[in-house]
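# Coordinate inspection notes
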Amino acid sequence: MGQEETVGVSEHSFTRRTFIKGVIATGATTSSAGYLFRGSSLLGAATYQTATERLITLTVNGQARRVDVLPHETLAMTLRYKLGLTGTKLGCDRAECGACTVLIDGVNQYGCSMLTHQVRGRSVTTIEGLENPDTGELSVVQKAVMEEGGFQCAFCAPGFIMSMEALIAENPNPTREEAAHALSGNLCRCADYHKILNCAMRAAELARAV
Amino acid sequence: MAEKLIGADIAPPDLHAKITGRAKFAEDFRAPGMVFAKLLLSPMPHARVRSMDTSRALAMPGVIGILTADDVPAREGPREACLTNEPKYEGEPVLAVAAVDEETAAAAIEEIEIDFEPLPFVVDPLESLRPSGPNAYTEGNQFSGEDGWSQLKWTAADFALIDAGRMPNPTAPIEWTKGDPEAAFAESSLVLEEVIVHQSLTHHPMEPRSNMAYWENGRLFAFVSTQSTQQTKFALAGALDMDPEDITLVAEFCGGGFGSKISGSTVMQIPALFSRKIGRPVMLRITRYEENYVGRARPGFQSWLKMGFLPNGKCNAIDLILVEDGGPYGSGDNGTAGMTADLTYTPRNMRFRAASMYTNTPPKAAQRGPGGAQIIAMMEPILDKAARELGMDRLEIRRINAPGPDVTFGPRDTTLTSVHAREALDQGAQMFDWAGKQALSGQRNGSKVTGLGIGLSPYTAGSRGRDGLMLIRPDGRLYVHQGIGNLGTHSIADTARPAAELLGLDWDDVTIVWGDSSKGMPRSTVQAGSQTTHAHTRANHAAGMDALRKVRQIAAATLGGAASAYSVDGGRVRGPGGSMTFAQVAQRAIAMGGEYDGHVLPEDIHAQTVPAAQMLAGQGLMGVARDNYGGEGSIYSWVAGFAMIELDHDTGVVDIKEFVGVTDCGTVLHPRSLGAQVLGGCIQGIGMAMTQRWVFDPQWGVPFANRLYTARPPGFLDIPLNARWGAVGIADPTSPVGAKGIGEPPVGAGAAALACAVADAMGGVCLCRTPLTPDIILAELEGRVAAHGRLDQHVG
């Protein structure tokens, strides 16, 4: 991801421009309000004339979730403020830091830069969805992070972990350079990169052993 | 035998929460009826609110209320209020609006009309010193508590020298001299005179300083992003002028602070005050854009440095003048900078002058290695220059100048508890193969030239006299109550290890209690200045000793024999009369009461610890004590950084090929976490010297580099993937544990090693300025006239 325009996946290619166009089309401003959170329906109907359906069903962590979503609402905001999934962090609101990274159909995406309406009919996985829901068993990436004592403040951790999940799914045998490149869309301000990379390499090792 | 804890790699107990999304940072808390506040930020660097019309905003459906400067405690002089009618930097919060959701609040902000009267401003501190230069305040540019406002202007003669690129001879509010610098310079065989600029830069922790608050029955519940916890409760109480014991402060996790959230933040007052006004819980989510303004910044320096050297490379004199960017509310990094220069190069003859100038730029605060990191990044390349002129090895000149155990430094001849800077240099040189790599220095491969650099950086690393507080409860477990913060250093867990070891417990038998003042917190350090590891291993050692004494006394009283004949291991106490489990000991402690279960407390503990200990009394065996171990001298840690880079002479881009960091920080508590601190801090320093940048429009006084992508901290593609670290590992003799702090010193080491390596790859040319961005490097390589003056700050 990083500096590229593309923030989408191949089948459903949503570029940043598409994202902004989508926001404009719904009548919100892109300058400041686009990434904010609107929790109530109070002003929605009056301010934003739109034909877009509001009450939609999302598939999040394997569950169908009915949620009232405004047309210009970002996925990160829906997850955090409507579905109670606060593990997805907002570090920058603007595709600069990766703290809000989630998986959309298994591909790591910035939750702050996707409209919630874009993920209808697709599978969303957040940090809360990685454990086995029945046993509480951690994913191999989470196990690797526990083993390696990963992260300092860990505000970036959910985003990094989601990118690691995508990395080992796509490339189960990465070199250190490949892993670093795959994780380069996520920032760690503590700069604990050395340990994070150890976690990623250990995760790949554990995944190969499964 | 219970396991050895000090020196072991044990993941902190909060890691599971951090990696499953359960960890609650301030913005993750919710309260019934919670509303959202949004800030109106000043659009000008200095202005006065003439009038405002909020009627349209307040009439909007969903808007709950407004909080203005009139609703918050005003601050006199250059002190920061959480809202102001006279903003002193672009982005300063003027008012806040609360609404049922954030977007409505933001829309309401847009509907507020304010008539601002623009006022004179200054963004470059040196400009404020010019004879007719502007001041950041209408009242002046200097303030003292006794005399109030005044104006400090340097003379036209000073500026004639400055503008000619020479060192001026100005009067300065801060000045000290030791030895006889003039005589020493006369004896020097080499005197270097340099003009050096270090930029200001925003902290940008990953978690912006969002926070939430509500009131119940006169009690404030505050959910805050802060580096410290116990001390933040008192800071918030002070700001709101209320009894600290009427606050429940929750700060379980902090997404980084680096000095910008030492005891919380100024904006943490806003939800508390707003909630009191409107009777609803208030969430203030700070965006990255807002964080750029309200999130604090490291102060930059403009400086003149004169350094004298003897033929053997020994620095024998320093004359240093610093002009510091104090921002609108002041900063004192210059003091540490002067001390650090004297400590690192031990000249014995030094003159130091400094002026911290108010400017209309985002507020300044300590940033990891405050003052020390800047001065090391500025001076290490000059040391290299001296080595080149004297034909010396650059490692050797550092070894010659580094202090030994008998060092005295600064205006008050400060001493150290221990110093192993030379050992750190030697160990690093060996790991890096400094000698073997010399042949690579200056080697060209196509357009790329290899450069090598070393940065040696000290910083304070401890303090004394804090309290420890812990309980052995009837479940037989040890509960260590920590008032320090949880910002990722793992010190909430690691500093408890000495107590667990003293009590013969395995780590699984220890619970760390932290992050919520209602759980009882002892008087702690602010989590800053790398104090915590040193201060709280000592405090927990003291409280652990107190608990151990009580365990033995209870065993002796219960089972017979002398207390001294009893020993602990594996959750049992054993002696001549038999053995008891800790669970039984805890029950006996409650039955015996008095000092054993905390009903009687030591007289010398801090007053702030008493309510916390009283809250826990009667719940088990209490270990509570003040750190009375004492000790003479300041506590300093060191990091020696070694970098190898390739500088592309066609593009100005720096590629870091190798990096090694070695620390002297006493006993190693937690190796893996220490490595993360050493390398992470060095990379932050590399960001400070190279990738981050402050840019201001001098005409309008507004910042351009106000997001992460324009002032980018290093990412995976900016750093070497094979960085290595080491530790000298010699215990500090004045602490029973021997551990010193580590947070601060690596920043200067990373920045300086990088700056020195860049100069090396340019044939020894020191740019004497940060950041070393490709455009600035390239302009020098191509011999172009720089687009900026040599002393200009914040250039784009």
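Residues numbered from 1 in each chain as written. Chains lettered and ligands numbered in written order. Predicted model: local features only at pLDDT ≥ 70, side-chain atom pairs only at ≥ 80, totals over all residues.

### Re the overall build of chain A
The number of helices and strands found in chain A is seven helices and five strands. Traced from its N-terminal end to its C-terminal end, chain A shows the element sequence α-α-β-β-α-β-β-β-α-α-α-α. Residues classed as buried in chain A amount to 55% of the 210 residues present. Expressed as a percentage of contacts within chain A between residues at least 6 apart in sequence, the contacts between residues at least 24 apart total 59%. (Helix = DSSP H or I, 4+ residues; strand = E, 2+ residues; numbered from the N terminus. Buried ≥ 20, exposed ≤ 12 C-beta atoms within 10 Å, placed from the backbone. Contact = placed C-beta atoms within 7 Å.)

### A word on the domain arrangement of chain A
In many analyses, interface size is given as the accessible surface area lost on bringing the parts together. Residues and elements named next belong to chain A. Split by domain assignment, chain A resolves into domain 1 (16–129) and domain 2 (140–209). Every contact between the two is made by 15 residues of domain 1 and, on the other side, 13 residues of domain 2. Residue assignment for the side of domain 1 that touches domain 2 shows that the elements contributing at least two residues are strand 3 (101–104) and strand 4 (107–110). Here the residues of the side of domain 1 that touches domain 2 sort into seven nonpolar, seven polar and one charged. (Domains from an automatic or database assignment. Nonpolar A, V, L, I, M, F, W, Y, C, P; charged D, E, K, R; others polar.)

### Side note on helix 19 (residues 609–616) of chain B
All names here are of chain B. Among the residues of helix 19, Thr609, Ala612, Ala613 and Leu616 are the ones counted as buried. Buried residues of helix 19 fall within an arc of 95° about the axis and therefore sit on the same side. The secondary structure elements touched by the buried residues of helix 19 are strand 21 (467–472) and strand 27 (621–626). (Arc of directions from axis to C-beta.)

### Comments concerning the environment of Met201 of chain A
Residues and elements named next belong to chain A. As for its position among the elements, Met201 is in helix 7 (residues 193–209). When the 18 C-beta atoms within 10 Å are taken as the criterion, Met201 is described as partly exposed. For the pair Met201 and Pro158, spaced 43 residues apart in the sequence, the C-alpha separation amounts to 17 Å. Apart from residues no more than four positions distant in its own chain, Met201 is found in contact with Arg176 and Ala179.

### Some thoughts on the sheet that holds strand 11 (residues 211–216) of chain B
All names here are of chain B. One open sheet holds the seven strands; their spatial order is 3-4-1-14-11-12-13, and the pairing between them is mixed. Looking at which strands have only one partner, the edges of the open sheet turn out to be strand 3 (63–67) and strand 13 (247–250). Between one strand and the next, the sheet's axes are offset by a mean angle of 20°, whatever the strand orientation. Sheet analysis places strand 1 (residues 35–41) next to strand 4 (residues 93–99), joined by six bridges and oriented antiparallel. Note that in strand 4 the partner of Leu40 across the bridge is Leu95. Against the sheet, helix 3 (residues 102–111) contacts strand 1, strand 3 and strand 4, and its axis sits at roughly 30° relative to strand 1. (Pairing = 2+ DSSP bridges. Axes fitted to C-alpha atoms, helices over the stretch in contact; angles between N-to-C directions.)

### Brief notes about the nonpolar core
Residue and element names in this part refer to chain B. Counting 240 residues, the largest nonpolar core has Ala37, Val97, Ala98 and Val758 as its most contacted members. Looking at which element gives the most residues to this core, the answer is helix 21 (residues 745–761), with twelve residues. Leu5, Ala493, Met521 and Val624 belong to the second largest nonpolar core, which has 46 residues in total. (Core = buried A, V, L, I, M, F, W, Y, C linked by C-beta atoms within 7 Å.)

### Thoughts on the sheet that holds strand 22 (residues 478–481) of chain B
Residues and elements named next belong to chain B. Taken together, the four strands give an open sheet; going across it, the order is 23-22-21-27, and neighbouring strands pair in mixed fashion. Either end of the sheet is taken by a strand with one partner, and the two such strands are strand 23 (510–513) and strand 27. With direction set aside, neighbouring strand axes in the sheet form an average angle of 20°. By the bridge criterion, six bridges tie strand 21 to strand 27 in an arrangement that is antiparallel. Bridging across to strand 27, Gly468 finds its partner in Ala625. Those strands touched by helix 17 (residues 532–559) are strand 21, strand 22 and strand 27, and its axis lies near 140° from that of strand 27.

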